[in-house]
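Here are the chains, one letter per residue:
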Amino acid sequence: MSDPYQPAGPSPYINTPMPNARPRMFASTLAKVVWILVPIVTLSIGAAIPFVVAAVKGVVKPWVAVAYVAIEVAFLGVATLANPEGESPFVGLLLTLLIATSATHTALLDNDKVTIGK
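Summarised in this report is the structure supplied together with it. These numbers were taken from a predicted model, which means no experiment stands behind them.

**Brief notes about the overall build of the protein**
Next up, step 1: Scanning the protein from terminus to terminus reveals four helices and zero strands.
Next up, step 2: Scanning the protein from its N terminus toward the C terminus, one meets helices and strands in the order α-α-α-α.
Next up, step 3: The burial tally for the protein puts 26% of its 118 residues in the buried class.
Next up, step 4: For the protein, long-range pairs separated by at least 24 residues make up 65% of all intrachain contacts whose partners lie at least 6 apart in sequence.
Next up, step 5: Summing over all exposed atoms, the protein offers an accessible surface of approximately 8100 Å²; the carbon and sulfur share of this is 71%.

**Section: the nonpolar core**
Next up, step 1: Counting ten residues, the largest nonpolar core is built from Met-25, Phe-26, Ala-48, Phe-51, Ala-54, Val-59, Val-60, Val-64, Tyr-68 and Leu-109.
Next up, step 2: At the level of secondary structure, the elements contributing two or more residues to this core comprise helix 2 (49-57) and helix 3 (62-82).
Next up, step 3: Residue contacts for Ala-48: discarding those within four places in its chain leaves Tyr-68, Val-69 and Glu-72.

**Here's the deal with the side chain of Thr-106**
Next up, step 1: Structurally, the position occupied by Thr-106 is in helix 4 (residues 89-107).
Next up, step 2: If sequence neighbours within four positions are ignored, Thr-106 has contacts with Phe-26, Trp-35, Ile-36, Pro-39, Pro-50 and Phe-51.

**Concerning helix 2**
Next up, step 1: Of the residues making up helix 2, those classed as buried are Pro-50, Phe-51 and Ala-54. Burial along helix 2 is one-sided: seen end-on, the buried residues are contained in an arc of 95 degrees.
Next up, step 2: Of the surrounding elements, those touching the buried residues of helix 2 are helix 1 (29-41), helix 3 and helix 4.
Next up, step 3: Residue Gly-58 follows helix 2 closely and has a positive phi angle near 90 degrees.

**Things to note about the packing of helix 2 against helix 3**
Next up, step 1: Running from amino to carboxyl end, helix 2 crosses helix 3 at an angle of 160 degrees, the nearest separation of the two axes being 8 Å. By the criterion of interaxial angle, the relationship of helix 2 to helix 3 is roughly antiparallel. Considering how the two elements wind past one another, helix 2 and helix 3 form a crossing that is left-handed. Facing Phe-51, Val-52 and Ala-55 of helix 2, the residues of helix 3 in contact are Pro-62, Val-64, Ala-65, Tyr-68 and Val-69.
Next up, step 2: Its residues assigned to classes, the contact of helix 2 with helix 3 shows eight nonpolar, no polar and no charged.

**Topic: helix 4**
Next up, step 1: The end-to-end C-alpha distance of helix 4, which contains 19 residues, comes to 27 Å, matching closely the 27 Å that a straight helix rising 1.5 Å per residue would cover.
Next up, step 2: Those residues of helix 4 hidden inside the fold are in contact with helix 1, helix 2 and helix 3.

Each value, and the rule that gives it
- Residues numbered from 1 in each chain as written.
- Predicted model: local features only at pLDDT ≥ 70, side-chain atom pairs only at ≥ 80, totals over all residues.
- Heavy atoms only, no water.
- Helix = DSSP H or I, 4+ residues; strand = E, 2+ residues; numbered from the N terminus.
- Buried < 20%, exposed > 50% of the residue type's maximum accessible area, 1.4 Å probe, protein only.
- Contact = heavy atoms within 4.5 Å.
- Areas by Shrake-Rupley, 256 points an atom, 1.4 Å probe, with all protein chains shown as cover.
- Core = buried A, V, L, I, M, F, W, Y, C linked by side-chain atoms within 4.5 Å.
- Arc of directions from axis to C-beta.
- Axes fitted to C-alpha atoms, helices over the stretch in contact; angles between N-to-C directions.
- Parallel < 35°, antiparallel > 145°, perpendicular 65-115°, else oblique.
- Left-handed = near helix turned anticlockwise from the far one by under 90°.
- Nonpolar A, V, L, I, M, F, W, Y, C, P; charged D, E, K, R; others polar.
- Expected span 1.5 Å × (residues − 1).

Laid out in structure tokens, this is it:
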């Protein structure tokens, strides 16, 4: 007679893959679209906000958020110092680059193929 408290075969939990332990940034596609629009709508003033939230959620490492905050402050500082009136093609180029880069990187926050900073 066999012991009823012992399983008949190996445990099904031994061979199953581990679930993805990294938290997700976006709960739905609508949330992803809204987060991508944050740097665009705020005209780059809120470019680092998605990365600070992702660092708090544990999606990315804190150094990514710190780097984005530093880059945003540097870009906006250079844009302000270059032309205080704000009517310069150089200022427009800096802001456009910051908006495009931060929106693209925000879209890649939940991509499993990107491993830098995660």
